[in-house]
Structure formats: structure tokens, C-alpha cells
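Coordinate analysis (summary)
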Amino acid sequence: MKKWKGSVVVLLVISCLLAACTSSKQDTKKKSGSTEQIATIQHVLTNQFTSDPELIKHIESGDSATVIDSNGNSTQPTSPSPLETYYKKMYGAYFTKKAFDVFVAAHAFRYISTAQNRGYTLAVTDVTATEVKGSEGDYEFTVHFVAKKEGESDKSFTVTGRTSVNADGKITYIRYDDADFVKAMQ
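The rules behind each value
Residues numbered from 1 in each chain as written. Predicted model: local features only at pLDDT ≥ 70, side-chain atom pairs only at ≥ 80, totals over all residues. Heavy atoms only, no water. Helix = DSSP H or I, 4+ residues; strand = E, 2+ residues; numbered from the N terminus. Buried < 20%, exposed > 50% of the residue type's maximum accessible area, 1.4 Å probe, protein only. Contact = heavy atoms within 4.5 Å. Areas by Shrake-Rupley, 256 points an atom, 1.4 Å probe, with all protein chains shown as cover. Core = buried A, V, L, I, M, F, W, Y, C linked by side-chain atoms within 4.5 Å. Axes fitted to C-alpha atoms, helices over the stretch in contact; angles between N-to-C directions. Parallel < 35°, antiparallel > 145°, perpendicular 65-115°, else oblique. Left-handed = near helix turned anticlockwise from the far one by under 90°. Nonpolar A, V, L, I, M, F, W, Y, C, P; charged D, E, K, R; others polar. Salt bridge = Lys/Arg side-chain N within 4 Å of Asp/Glu carboxyl O. Pairing = 2+ DSSP bridges.

1. Let's talk about the overall build of the protein
Assigned secondary structure in the protein consists of 6 helices and 6 strands. Order of helices (α) and strands (β) in the protein, N terminus to C terminus: α-α-β-β-α-α-α-β-β-β-β-α. Per-residue burial over the protein gives 31% buried out of 186 residues. Of the contacts made within the protein by residues no fewer than 6 positions apart, 56% connect residues no fewer than 24 positions apart. Of the roughly 11,700 Å² of accessible surface on the protein, 55% is carried by carbon and sulfur atoms.

What follows is the structure, encoded as C-alpha cells:
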């Protein structure tokens, strides 16, 4: 009987140790995933709010995905434009296909283009992202950046928003709260 009780105690201790180790590995994996997701968000936002001479060149040259044929009809080219290639290189690995298409159409160069049209360049000073409690894969972010124009004082801005990242580490959704920037650039 004593041997049986001793065996049960040993099995319980081993079970507890295994459970603790498994829990620790899952916590480490979750923290690692969260860290990678935050790095993805920071990469995208840093590039989006930093004036890049290559992007500005594409914007100024009017690179476009749509081509107008001799009859005045718009068509899609058989090869991607330089601007599409640029976006794919800068952001393609960080978004799902659908989210990438929405991002490029609605947000990708909105801030840099708006600033550029008014003679400003943008430079990020800080990007933070924090996971929303109780909502795995959802993050709130804050981007602090400055708009610089020769002969003027720098203008500081903060844009906040929310984004979702799937289990594969790809952004599936992004939303911005940028009223102050929009108002200042009008």
C-alpha cells in the first residue's frame, strides 16, 4: 500500500511539473507571437509615416495601375506599375491579400502624399502598439511624427488607431484616427 501511495505522489509531482512546463512554453509562444505582431505593426506604420524619396518619385511621376488606351478606355496593364511594385516590396509581406488591397487603395500613401502636396516631409519619432486586453490579435497603436517644411517650425502630430493581426502574423484590418493631421493639412 505504501508503494502505491508513493507511486501516486511521484506521478502527481511529474504531472504538475509537465503542466507547468507546457504552460510556460505556451506563454512564451504567445508573448513571442505578440512581439512579432507588434514588430509588423511598427514596421508598416514607420514606413507609412516617413517620407521616402522613392515613393515621392512615384507619386510625382503619376505612376498608376490603370492605363488609358487609344479609345479612352481604362485597362489594367499586364505588368505591375513601379508604384505597385514599390508597395508590394514595402508592405506585401505584412498584410493578407484583401487587407493589402484595401490598404494600398485607401491608406498607403495618404499621409506622405498629403504632406508632400503642401511642401512637407514626414518623419516618425515614435510608434507604439499594445494588444487590446481580451481581444487576441487586436492592437491599438499610436504614431508620433513631425511634418517638416523648409523655413517653418516642425509640426508635431499624433495619429492613433486600431489594427488586427491574424495567427499568421498578417494584418487583416487597420483604422486610423487622424483628424488633427487632416485639419492641419487643409
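2. Focus: the side chain of Thr 40
Looking at the element boundaries, Thr 40 is found in helix H1 (residues 2-48). Thr 40 gets classed as buried once you look at its relative accessible area, which sits at 11%. Aside from chain neighbours lying at most four places away, what touches Thr 40 is Tyr 94, Gly 169 and Ile 171.

3. Considerations on the nonpolar core
One finds Leu 45 and Tyr 176 to be the most contacted residues of the largest nonpolar core, which totals 37 residues. Filtering out sequence-adjacent residues up to four positions away, Leu 45 remains in contact with Val 124, Val 127, Phe 141, Val 143, Ile 174 and Tyr 176.

4. Points about the packing of helix H2 (residues 53-61) against helix H5 (residues 110-117)
At a minimum axis distance of 11 Å, the contact between H2 and H5 shows a crossing angle of 70 degrees. For the element pair H2 / H5, the angle class is roughly perpendicular. Both H2 and H5 take part in a crossing whose hand is right-handed. Between H2 and H5, the contacting residues are Leu 55, Ile 56, Ile 59 and Glu 60 on the first element and Ile 112, Ser 113 and Gln 116 on the second. Among the residues making up the contact of H2 with H5, the classes are represented as 4 nonpolar, 2 polar and 1 charged.

5. Structural notes on the pattern of salt bridges
Inspection of every chain in the model, using the stated rule, returns 5 salt bridges. For Asp 178, the salt bridge is made with Arg 110, and the minimal N-O distance between the two is 2.2 Å. You can see Asp 178 sitting in the loop between strand S6 (171-177) and helix H6 (179-184) and its partner Arg 110 sitting in helix H5, a full 68 residues away along the chain. Given the relative accessible area of 30%, Arg 110 is considered partly exposed.

6. Quick notes on the environment of Lys 57
Here Lys 57 shows up in helix H2. Among the residues examined, Lys 57 registers a relative accessible area of 51% and is labelled exposed. Counting along the chain gives 26 residues from Lys 57 to Leu 83, while the straight-line C-alpha distance between them is 9.3 Å.

7. So, the pairing of strand S5 (residues 155-165)
As defined by bridge partners, strand S4 (residues 138-148) adjoins S5 across 10 bridges and the pair is classed as antiparallel. Among the inter-strand pairings, Phe 141 is bridged to a residue of S5, identified as Gly 161. Between the antiparallel neighbours S4 and S5 lie 6 residues, among them Gly 151 with a positive phi of about 85 degrees. As judged from the 6 bridges shared by S5 and S6, these two strands associate in the antiparallel manner. Within the sheet, the bridge partner assigned to Thr 160 lies in S6 and is Asp 177. Hairpin remark: S5 followed by S6, antiparallel, with 5 residues in the connecting loop; positive phi at Gly 169, about 85 degrees.

8. A closer look at H5
Residues Tyr 111, Ile 112, Ser 113 and Ala 115 constitute the buried set of H5. Two residues or fewer past H5, Gly 119 is found with a positive phi of approximately 85 degrees.

9. Things to note about the environment of His 107
Among the structural elements, His 107 can be located in the loop between helix H4 (97-106) and H5. A residue is classified by how much of its surface remains accessible, and His 107, at 14% relative accessible area, is buried. Beyond its immediate chain neighbours, meaning those up to four positions away, His 107 contacts Gln 48, Val 102, Ile 174 and Tyr 176.

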